[in-house]
Amino acid sequence: MPEAMIYEEPNSKTRSSTSFRLFSQERDERRQKFQKAWKYYRGEQNKYLARREGEPDDNVVMNLVKLAIDRTLSFLYPEMPQFSEGDTTNESDDELWVKNAFIANGGLGFFQKMALIGALSGHVYIRVRPPMDGELYPRLYVINPENIQTYWQAGDSTQVLW
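Let us look at the structure shown here.

**Brief notes about the overall build of the protein**
Assigned secondary structure in the protein consists of 4 helices and 5 strands. Secondary structure of the protein in N-to-C order comes out as β-α-α-α-α-β-β-β-β. Counting the 162 residues in the protein, one finds 28% classified as buried. Put simply, of all contacts in the protein between residues at least 6 apart along the chain, 56% involve residues at least 24 apart. Carbon and sulfur atoms provide 54% of the accessible area of the protein, an area that totals close to 11,800 Å².

**Section: the packing of aromatic side chains**
Enumeration according to the criterion identifies 9 aromatic pairs in this entry. On the numbers, 6.4 Å between centres and 35° between planes, the contact of phenylalanine 83 with phenylalanine 111 is tilted. Here phenylalanine 83, found in the loop between helix H2 (64-76) and helix H3 (93-104), pairs with phenylalanine 111, found in helix H4 (residues 108-121); they are 28 residues apart in sequence, far enough to count as distant. For phenylalanine 83, a relative accessible area of 26% corresponds to the partly exposed category. Considering the side-chain rings of phenylalanine 102 and phenylalanine 111, the 4.8 Å spacing of their centres and the 40° angle between planes classify their relative orientation as tilted. By the ring-pair criterion, three or more aromatic residues cluster together here, those being Tyr77, Phe83, Phe102, Phe110 and Phe111. Taking NZ or CZ as reference, arginine 139 lies 4.5 Å from the ring centre of tyrosine 141, over its face.

**Some words on the side chain of asparagine 105**
Within the element layout of this structure, asparagine 105 appears in the loop between H3 and H4. Among the polar contacts made by the side chain of asparagine 105, one reaches the main-chain amide nitrogen of leucine 140 at a distance of 2.7 Å. Sequence-distant contacts of asparagine 105, that is, excluding residues within four places in its chain, are made with Phe110, Pro138, Arg139 and Leu140.

Scoring rules and cut-offs
Residues numbered from 1 in each chain as written. Predicted model: local features only at pLDDT ≥ 70, side-chain atom pairs only at ≥ 80, totals over all residues. Heavy atoms only, no water. Helix = DSSP H or I, 4+ residues; strand = E, 2+ residues; numbered from the N terminus. Buried < 20%, exposed > 50% of the residue type's maximum accessible area, 1.4 Å probe, protein only. Contact = heavy atoms within 4.5 Å. Areas by Shrake-Rupley, 256 points an atom, 1.4 Å probe, with all protein chains shown as cover. Phe/Tyr/Trp six-rings, centres within 6.5 Å; stacked < 30°, edge-to-face > 60°. Lys NZ or Arg CZ within 6 Å of the ring centre and 35° of its normal. Polar contact = N/O pair within 3.5 Å; in protein donor to acceptor, adjacent residues only side chain to side chain.

Set out below in structure tokens:
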């Protein structure tokens, strides 16, 4: 994601021309890398041995990318994360609510999906939709990082500008 020296107003001519060009270029490069990572994860890798007509294909694709990522995910999330406010002996109402909210959104599968997207793209974005009528918990969505652009303060990547 690009860094910025100053915040430019949305209606600024500088932001609308220069920033959009930089945004488009960076987004396209990131999208290509993310799509290539997905292809490798699915095992769609190059075959380097030429194949002659009528002969068997000697190319053997061992999907080490998927193996490495899946092992990392199972190491990162072997079970549903525990949420604690400090006292680990008694589960508070708030801790129980957070736990149930994540379970309602897919539980361990949600965390593993989030980690998979992060492993392949380097970025994770979550959309939180407030509960609708009859729902107890907000809905969480893992957003495709190809479609999002974040700008941070130059020299301090923890300071998001817009």
